[in-house]
Structure formats: structure tokens, C-alpha cells
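Next come the chains, spelled out residue by residue.
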Amino acid sequence: MFNASFIEISRKAYRNNIRYLKRIIGKDVIFSSVVKGNAYGHGVENIVPLAEEAGINHFSVFSAKEANDVLKVMSPASQLMIMGFLDDSEIEWAIQNDIEFFVFDAGRLEKALETAKMTRKKARIHIEVETGFNRTGFVYENLDELVKYLKREREHYIFQGLCTHYAGAESLSNYLRIKNQITLFRKFSRYFGRHDLHPVLYHTACSAAALIYPGTIMNMVRFGIAQYGFWPSPETHMFRFRKDTRDTNPLRRMLSWKSKVMVVKNVEAGSFVGYGSSYLANKKMKIAIIPVGYANGFSRALSNTGRVLIRGRRVPVIGTVTMNTMTVNVTDIPGVERGDEVVIIGKQKRLSISISSFCEMSEQLNYQLLTRLPADIPRFIVA
Ligand SMILES: *Cc1c(COP(=O)(O)O)cnc(C)c1O
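Residues numbered from 1 in each chain as written. Predicted model: local features only at pLDDT ≥ 70, side-chain atom pairs only at ≥ 80, totals over all residues. Heavy atoms only, no water.

Another point: helix α6 (residues 106-119). Helix length check: α6, at 14 residues, gives a terminal C-alpha distance of 20 Å against a target of 20 Å (1.5 Å per residue), a fit within 8%. For α6, the complete set of buried residues consists of Arg108, Leu109, Ala112, Leu113, Thr115, Ala116 and Thr119. The arc that holds the buried residues of α6, viewed along the axis, is 160°, so those residues lie on one side. Against α5 (88-96), β5 (100-103), β6 (123-128), α7 (143-152) and β7 (157-163) lie the buried residues of α6. (Helix = DSSP H or I, 4+ residues; strand = E, 2+ residues; numbered from the N terminus. Expected span 1.5 Å × (residues − 1). Buried < 20%, exposed > 50% of the residue type's maximum accessible area, 1.4 Å probe, protein only. Arc of directions from axis to C-beta. Contact = heavy atoms within 4.5 Å.)

Right, here's the structure in full:
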């Protein structure tokens, strides 16, 4: 009820992905499940419990808002980490709730430790260092001051981690840049060590780094895209393909997106279909209207190019995708009727539409497509 389309989340596929990734990092390394962007579009309320079932008890998000969403569904025994935005006004809340957070500038550090003093509760901090991504992180040249401060304020924080993020580990063309980042991170680690500051964890790897550069795995990996069954890039897949020496894809998509035929109708030869004149029926046609449009996450760029599955056949989108509908050509499919299942992403009979084909057609990154799936599409876990 109340939905024009829905998303299925496969528990079996998720289990498969976690098993594969855990085998790569080994059993002593913490698997942090990155669930920012509403768990890459899969829904935090689905992924957090699934991950806990699969033995994962560490989660990473971008902001306090996202952390709050995770807290509602997370087991109290699990640990939560904010990697990005945390407003000064949210720091006390984070400390009170035992949420770990990245600290990447002196301002946040001071604010965090002042708050810790005030609330008499230690802040659980991860010091992020700048190794070449040039986003957030302390730079090597300013470590003196940072280290002095950390030594003086020892009793107000737990040094939970030392971390950094790579600038495009998924592309082999960045090889040198990543290697330099790894080297610089080691230099940072030694510097802290020399000053008797020892973090509980060292962590740097996202999916691509863990899959391609084993040296980046350290004590914890922040797995995003790969746990959902997607390769960070085709190159990452090729690299693992050779390494794993298996001829099947070890990662499985866990998300399918489905809808229903809303209306079937006939169109006379010589008439335009939809807004404007982008599609002209040059013969008598049968078309079906699907209640999914660009407001529902189906890109307008797929006008006249997208495809969906109906009755086990691939059918093309014709005309422009509107806010809430798309039109497909079902002339050659006998018996199509209102209520027939429409697969936008996923399998139907022997055919399947992958996210990557979808992305290629709409020129989107898989990350982008997934996180743009509206949160209000109902999501169901299936076996
Ligand atoms: C998003 C993110 C990750 C996860 O990246 P994937 O490529 O999805 O594995 C890891 N670390 C940080 C800091 C991130 O922002």
C-alpha cells in the first residue's frame, strides 16, 4: 500500500559479500560498515541489523544526523563513528552517546576536549591526518602543536584511531599518489609513536584500497560500496578477478527495484508519445505507463534510452521520463496488462538489469545512483 515502486534487499547476497570481504581482510581486522547516504540507498534500518547478524559491530557515517538515524536501529553493543561533519553544538551529544568521531583540525579538537572536561566523559577521537587527498586532516608540518596539546590533555580523550582517506584508490592511474599517501601515513604513525601517543587503531582503507593495496588494511577497514555488492570501479574488479582466480563475480548485488504497469494503451501511427516531440510512433504501437519518474530516482537522462523488464523481456523507455512516470514500448509483448511486474533494477526470468548498465546509460557513478534512490521507496528484506 502507498507505493508505486519498492526495493528488495537480499540477505543472502549481503552474507555472501561480507564473507568474501572478511576473507580478504582476515579475522583480526575490524570491519566497519560504512552506512552513510542511507546505507548507499539500501536503508540504514535494513543494513544495520543485517550487518549485526553477520557479526559486524562497527558502523561509520558522515554526520551527526546520520549517526542519530543509525543509533535508533543499532545494538547498544555496536560502535558508531562519525567521519565528517559534526557541528560544535553536536559534540556533547556525540560524547554522551559514546560516538567516536574524526578530529581533523585544532578547533574541533579543543571544542571536543573542553566538552569532555565539562561532561566528565572522555571523547573517543580518531585523529585524521592529511596525506594527499586534500580534504580534511592535520598536516605533517603542524604536528608539534597537536602532539603537545594531546599530551597535556591525555585524561580527557581516548585516542581511538589514527586515520586518513585515499584520493582515488579505485583507479590504477592514481597508483603513485596512493603509494605516496601510504608512505606519508607511516611517517605520521612513527611521529605519534615517538611522542608516546598510541592510538587503539590505525585505519586508512575504503573498499578499493582494501581490495587493491593489502598494506592499507591495518587494524580496521571502512567498507562502503563493496559490502553492497558493487566494485568501486571496473579496474578494481579486474584486479581482483586475476587475484581470486575464480570465474564468477565474488560480489553480488543485493538490491532490486520493482514496480508495476499502471496503464496499457494503444497509440496510432504518426502520434508523439509523452511531452513534446522526442518520440514519434512510426507505426501502431502498444505502450505501458510505469509509475516511476525522475522524482522517484529514475534519471531523466534515461528518456528514450532506459530499459526495464516486463514478462521476462527487455523493453525500451520511449519519450521523456516525467516527474512520476515513464513510458515503455510493449508492442511486441503479448498479453501485457495492468499490474504486471516491472523490474527496473534486478532479475526477471532469465534477464537482468544491472546497476552498472543503468549507470552507463545515465552517466552516473554507481555511488551516485544508489544514494539518489529516494528514502521513501519502501524497502523489504528478502531471503
Ligand atoms: C565513504 C567513505 C569510505 C567508504 O568508501 P567506499 O569506496 O564506499 O568503500 C571510507 N572512508 C571514508 C572517509 C569515506 O568517506
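Now that the structure has been shown, the text picks up again.
Because side chains alternate across strand β9 (residues 220-223), one face comprises the buried residues Met220 and Arg222, and the other comprises Val221 and Phe223, equally buried. Inspection of the sheet shows strand β2 (residues 30-34) paired to β9 by 4 bridges, in the parallel sense. Along β9, the bridge assignment pairs Phe31 with Val221. The pairing of strand β8 (residues 201-205) with β9 spans 2 bridges and is classified as parallel. (Pairing = 2+ DSSP bridges.)

This brings us to helix α10 (residues 234-244). Along an α-helix, residues three or four positions apart point the same way, because every turn accommodates 3.6 residues. Listing the buried residues of α10 in full gives Thr236, Arg240 and Asp244. All buried residues of α10 fall inside an arc of 55° around its axis, so they share one side. Those residues of α10 that are exposed and angled more than 90 degrees off the buried face are Pro234, Met238 and Arg242. Buried residues in α10 make contact with α1 (11-25) and α9 (207-212).

With that out of the way, let us pick up the nonpolar core. Within the largest apolar cluster, 119 residues are counted, with the highest numbers of intra-cluster contacts made by Phe101, Ile127, Phe192, Trp257, Phe298 and Ile310. Mapped onto the domain boundaries, this core takes at least three residues apiece from domain 1 (11-244) and domain 2 (255-382). Beyond its immediate chain neighbours, meaning those up to four positions away, Phe101 contacts Ile82, Leu86, Ile91, Ala94, Ile95, Arg108, Ala112, Ala123, Arg124, Ile125 and His126. Core analysis: the next-biggest nonpolar cluster, separate from the first, contains 8 residues, Val273, Ala281, Ile287 and Ile289 among them. (Core = buried A, V, L, I, M, F, W, Y, C linked by side-chain atoms within 4.5 Å. Domains from an automatic or database assignment.)

The next subject is the side chain of Asn17. Positionally, Asn17 belongs in helix α1. A residue is classified by how much of its surface remains accessible, and Asn17, at 0% relative accessible area, is buried. For Asn17, the side chain forms a polar contact with the side chain of Asn16, separated by 3.1 Å. What Asn17 contacts, discounting residues up to four positions off in sequence, is Ala226, Gln227, Tyr228, Gly229, Pro250, Leu251 and Arg252. (Polar contact = N/O pair within 3.5 Å; in protein donor to acceptor, adjacent residues only side chain to side chain.)

As a further point, take the site of the ligand. What surrounds the ligand is the set Val34, Lys36, Tyr40, Met83, Arg135, His165, Cys206, Ser207, Arg222, Gly224, Ile225 and Tyr367. Here a nitrogen atom of the ligand and a side-chain polar atom of His165 are 3.5 Å apart. Considering the ligand on its own, with 380 Å² of exposed area, one finds that the protein chains cover 91% of that surface. Taken together, the residues that form the shell around the ligand break down as 6 nonpolar, 3 polar and 3 charged. (Near = heavy atom within 4 Å. Areas by Shrake-Rupley, 256 points an atom, 1.4 Å probe, with all protein chains shown as cover. Nonpolar A, V, L, I, M, F, W, Y, C, P; charged D, E, K, R; others polar.)

Bringing the sheet that holds β2 into the picture now. The strand order β2-β3-β4-β5-β6-β7-β8-β9 describes a closed barrel built from 8 strands, whose pairing is parallel. Each strand axis lies, on average, 30° off the axis of its neighbour in the sheet, ignoring direction. The pairing of strand β3 (residues 58-61) with strand β4 (residues 79-82) spans 4 bridges and is classified as parallel. Bridge assignment links Ser60 to a residue of β4, and that residue is Met81. On the sheet, helix α4 (residues 64-71) packs against β3 and β4 and is oriented at approximately 165° with respect to β4. (Axes fitted to C-alpha atoms, helices over the stretch in contact; angles between N-to-C directions.)

Axis separation between α5 and α6 bottoms out at 10 Å; the angle between their running directions is 50°. Regarding the angle of α5 to α6, the classification is oblique. Relative to α6, the crossing made by α5 is right-handed. Contact residues: α5 offers Asp88, Ile91, Glu92, Ile95 and Gln96, while α6 offers Arg108, Lys111, Ala112, Thr115, Ala116, Met118 and Thr119. (Parallel < 35°, antiparallel > 145°, perpendicular 65-115°, else oblique. Left-handed = near helix turned anticlockwise from the far one by under 90°.)

What follows is about the pattern of salt bridges. Across all of its chains, the model carries 11 salt bridges by this definition. The closest approach of N and O atoms between Lys117 and Glu153, which form a salt bridge, is 3.2 Å. Here Lys117 is found in helix α6, whereas its partner Glu153 is found in the loop between α7 and β7, with 36 residues between them in sequence. One salt bridge connects Asp196 with Arg154, and the closest N-O pair in it is separated by 3.9 Å. Of the two residues, Asp196 is situated in the loop between α8 (175-194) and β8 and Arg154 in the loop between α7 and β7; the sequence distance between them amounts to 42 residues. Note on Arg154: relative accessible area 36%, which makes it partly exposed. Several salt bridges share partner residues, and in doing so they unite Glu8, Lys258 and Glu341 into one network. (Salt bridge = Lys/Arg side-chain N within 4 Å of Asp/Glu carboxyl O.)

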